[in-house]
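Observations on the model geometry
These are the residues of each chain, in order.
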Amino acid sequence: MSRTQTTASNQREISARVRVWAFMAWLLFLASCTLPGEQPLPEGVTDTRANLVDHIKDNPTDLDAHADLLRMQIKSGDRAGAETTVAHALKHNPRDFRAHLLEAQYHRWQLDLITTEKALLKARATAPERLEPCVALAGLYNQTYLDTEELALRRVALELCPPELRPEFTLDLAYCLWGQGNAAAATPLAAALAGQTDTPAGLRARNRLLQAEMALAGGTGTEAAGHIAAAFALVPEDGGVLQFAARAATVLDDPAPLAPLFEQTLAGHDRAELRWTALFGHWMLALRKSVAAGSDPLGDEPDLWRKRLEAMEPGHPDVSGRYYQLLRLDSARAQQAETLGKQLEEYGLGVPPVPSTHAALLRLWRVEDALRVGASNPAVALATELRRAEGELEGSRMLLVMALFKARQDDRCLAEVEAWLAESKEPDDILLSLRWWLLLRQGKSVEVLADIEKRGGDNNSRLWLEAVARFHTYRAAARKGE
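Summarised in this report is the structure supplied together with it. Each chain has its residues counted from 1, following the order in which its sequence is written. Reporting of local features is limited, given that this is a predicted model, to residues whose pLDDT is at least 70; pairs of side-chain atoms are given and counted only at 80 or more, and all residues count toward the totals for whole chains, interfaces and linings. Working from all heavy atoms in the structure, the side-chain values ignore hydrogens and water.

1. Focus on the overall build of the protein
Only runs of H or I of at least four residues qualify as helices and only runs of E of at least two qualify as strands under DSSP, and these elements are numbered from the N terminus. Across its full length, the protein holds 25 helices and zero strands. Taking 482 residues into account, the globule formula puts the C-alpha radius of gyration at 23 Å, and the protein, at 25 Å, falls close to it. The principal-axis extent of the C-alpha atoms belonging to the protein is close to 75 × 65 × 55 Å. A sequence separation of at least 24 residues applies to 61% of the contacts in the protein between residues at least 6 apart. Throughout, radius of gyration means the C-alpha value; the globule benchmark is 2.2 Å times the number of residues raised to the power 0.38. Should any heavy atoms of two residues lie within 4.5 Å, those residues are counted as being in contact.

Given below as structure tokens:
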């Protein structure tokens, strides 16, 4: 094994050990947004919790076993059991930061973010030299839109990490900066990482995709295509990179440089998911070429790629939905469109909206795919054009709102959301949630709490938003009292 391979292997192993406890509190993020309640085990599944309980009684300092048990208890909704497990871990391991991370996991599940933060701060105070509490705190601040606090912790993590993990935590910091809209600070970090040839290929590929996102936001599509190709060259068997390329095939002004990536995949790989993605990318390229030339996008060349996609995975939503839209724009294929539309309804997918022209349809796809690859600024521009050309198109307004939200154009997004809510007879839960998140990002947690209380309701999204708003309000009051 070469020195580079050995270094990469060691880095992955160390990275896994460092992060396992840091993310223990966040593995059940989605599940923890639900109210706790005992859930029956599926038939044929053995409950191993009793064995773990016996083991923990004899080995009270085995915090890995405590973590396994707590994870099972949270998954099954066993609140009393989870509380006992955490109390036992803290009683026997008060000076071990991992016990406080388990406490944080429990309180996060209960949507008590104030106590979650306190537990994580205890973990940091117990082991200030360890990465895990620092990364877990950064994760909490990321989920609750506390940008300044998250950024500070990402910087501390970079200082604490050993040299072999520095590239990984540098990339974390770059992504954090970019996500908060600070491209000026993220760009040099990503550029420096791109030149580190001894860094593992997978990490360098992720960095290249980040550079592609930033290039797209800046309107430099040629540069973005180069970064995507570089990422593919590093990890040609990575499905995520190829999926990024396939979606970028609609987003880039000139997607031709992506064609060799799809061709190389089809020529050299037999993995079904990779081949399907490459075929999808080729289909998008062929459709764009047909629309640009004014020829039939349902003609032989583009339809050949669609038929190959259907042969691999019949009825895939991404293919069926876009094919339906194309059929609807051809009056001679009205019956075929109706038949496919009924199938989509039967499958529970619903029929997608159909613009008035092929050019508008392509613009719709470009908005959708720009959001998928994180190109929020191009998505805003494209969605704005789509609204101007197809103002009544179903879903176009929501695409614009989501693009504005992702691009952190908060004032414009809030104005759009509030205007839409004012026009609606019944408030839409998604719009209300977006409004509350926007207000939270602007530091208006008290207003959010008041509005949630006035409207009532207890769906999972609203419960999580209320928990975040209480957390923001508590922290703001604590700062005033300092």
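Don't stop here, the text continues.
2. Topic: unusual backbone geometry
Of note, Leu 111 is a non-glycine position whose phi angle comes to about 65°, a positive value. With respect to the element layout, Leu 111 can be found in the loop between α5 (97-109) and α6 (113-126). For Leu 111, a relative accessible area of 17% gives the class buried. At Arg 408, a position not held by glycine, the phi torsion is positive, near 60°. Along the chain, Arg 408 turns up in the loop between α21 (396-406) and α22 (410-423). When accessible area is computed with a 1.4 Å probe and restricted to protein chains, residues below 20% of their type maximum are described as buried, those above 50% as exposed, and intermediate ones as partly exposed.

3. Observations regarding the packing of aromatic side chains
Pairing of aromatic rings covers Phe, Tyr and the six-membered ring of Trp, with a centre-to-centre limit of 6.5 Å; geometry is then stacked below 30 degrees between planes, edge-to-face above 60, and tilted otherwise. Within the structure shown, the criterion is met by five aromatic pairs. Plain terms: the ring middles of Trp 276 and Phe 280 are 5.5 Å apart, the flat faces sit at 15° to each other, and that makes the pair stacked. Taken together, the positions of Trp 276 and Phe 280, both in helix α15 (residues 272-293) and four residues apart, correspond to about one turn of that helix. The burial state of Trp 276 is the same as that of Phe 280; both residues are buried. Here a set of aromatic residues connected by ring pairs shows up, and it is made of Tyr 145, Phe 405 and Trp 437. The rule is short: NZ of Lys or CZ of Arg within 6 Å of the ring centre and within 35 degrees of the ring normal puts a charge over the ring. Taking NZ or CZ as reference, Arg 306 lies 3.7 Å from the ring centre of Tyr 323, over its face. Directly above the aromatic system of Phe 405 lies the positively charged group of Arg 441, at a separation of 4.1 Å from the ring centroid.

4. Digging into the side chain of Arg 441
Considering the arrangement of structural elements, one finds Arg 441 in helix α23 (residues 429-441). For Arg 441, a relative accessible area of 17% gives the class buried. Only 2.6 Å separates the side chain of Arg 441 from the side chain of Asp 410, close enough to count as a polar contact. Contacts of Arg 441, omitting those with residues within four sequence positions, involve Tyr 145, Phe 405, Arg 408 and Asp 410. Residues adjacent in sequence count toward polar contacts only when both atoms are side-chain atoms; beyond that, a polar contact is any pair of N or O atoms within 3.5 Å, and within protein one must be able to donate a hydrogen and the other to accept it.

5. Describing the environment of Ala 360
Residue placement: Ala 360 occurs in helix α19 (residues 358-372). Each C-alpha atom of the pair Ala 360 and Arg 387 lies 9.9 Å from the other, and the pair is 27 residues apart in sequence.

6. Quick notes on the packing of helix α12 (residues 221-234) against helix α13 (residues 239-251)
Between α12 and α13, whose axes approach to 9 Å, the crossing angle comes to 155°. Here α12 lies roughly antiparallel to α13, going by the angle between them. Handedness of the α12/α13 crossing: left-handed. Contact residues: α12 offers Ile 228, Ala 231 and Phe 232, while α13 offers Val 241, Leu 242, Phe 244, Ala 245 and Ala 248. Note on method: axes are straight lines fitted to C-alpha atoms, helices fitted across the in-contact stretch only, with angles between N-to-C directions ranging 0 to 180 degrees. By definition in this entry, angles of less than 35 degrees are roughly parallel, angles greater than 145 are roughly antiparallel, angles of 65 to 115 are roughly perpendicular, and the rest are oblique. Here is the rule for handedness: rotate from the far helix to the near one, and if that takes an anticlockwise turn smaller than a right angle the crossing is left-handed, while a clockwise turn gives right-handed.

7. Here we look at helix α17 (residues 317-328)
Under the 1.5 Å per step criterion, the end-to-end length of α17 is 16 Å for 12 residues, consistent within 8% with the ideal 16 Å. Buried residues dominate α17, accounting for nine of its 12 residues. For α17, the complete set of buried residues consists of Val 319, Ser 320, Gly 321, Arg 322, Tyr 323, Tyr 324, Gln 325, Leu 326 and Leu 327. Contacts made by the buried residues of α17 are with α13, α15, α16 (300-312), α18 (334-346) and α19. Given the number of residues in a helix, its expected span is that number minus one, multiplied by 1.5 Å.

8. Section: the nonpolar core
The definition of a nonpolar core used throughout is a set of buried Ala, Val, Leu, Ile, Met, Phe, Trp, Tyr and Cys residues joined through side-chain atoms within 4.5 Å. One finds Phe 169, Ile 228, Leu 258, Phe 262, Phe 280, Trp 283 and Val 417 to be the most contacted residues of the largest nonpolar core, which totals 128 residues. Among the nonpolar cores identified, the runner-up in size contains 11 residues, and Val 86, Ala 89, Leu 102 and Tyr 106 belong to it.

9. Topic: the state of the cysteines
Two cysteine sulfurs form a disulfide in these notes if their separation is within 2.5 Å. Tallying each qualifying case throughout the model produces zero disulfides. You can see Cys 134 has no disulfide; the closest cysteine sulfur is in Cys 161, sitting 9.9 Å from it. Overall, the relative accessible area of 8% leaves Cys 161 in the buried class.

10. Some details on the packing of α19 against helix α20 (residues 376-389)
Interaxial distance between α19 and α20 falls to 9 Å at its minimum, and their mutual angle equals 150°. Viewed along their axes, α19 and α20 adopt a mutual orientation that is roughly antiparallel. Where α19 crosses over α20, the two elements pack in a sense that is left-handed. Listed contacts from α20 to Ala 360, Arg 363, Leu 364, Arg 366, Val 367, Ala 370 and Leu 371 of α19 are Ala 379, Leu 382, Ala 383, Glu 385, Leu 386 and Ala 389. Tallied by class, the residues present in the contact of α19 with α20 amount to 10 nonpolar, no polar and three charged. Residues are grouped as follows: Ala, Val, Leu, Ile, Met, Phe, Trp, Tyr, Cys and Pro are nonpolar; Asp, Glu, Lys and Arg are charged; every other residue, Gly included, is polar.

11. Some remarks on α23
For α23, built from 13 residues, the straight-helix expectation of 18 Å at 1.5 Å per residue is met to within 8% by its first-to-last C-alpha distance of 18 Å. Of all 13 residues that make up α23, 11 are buried, and the element is covered over most of its length. Buried residues along α23 sit in contact with α7 (131-143), α21, α22, α24 (445-455) and α25 (460-481). The opening residue of α23, the one whose side-chain oxygen lies 2.9 Å from the backbone nitrogen of Ile 430, is Asp 428. Of the residues one or two after α23, Gly 443 is the one with positive phi, at around 80°.

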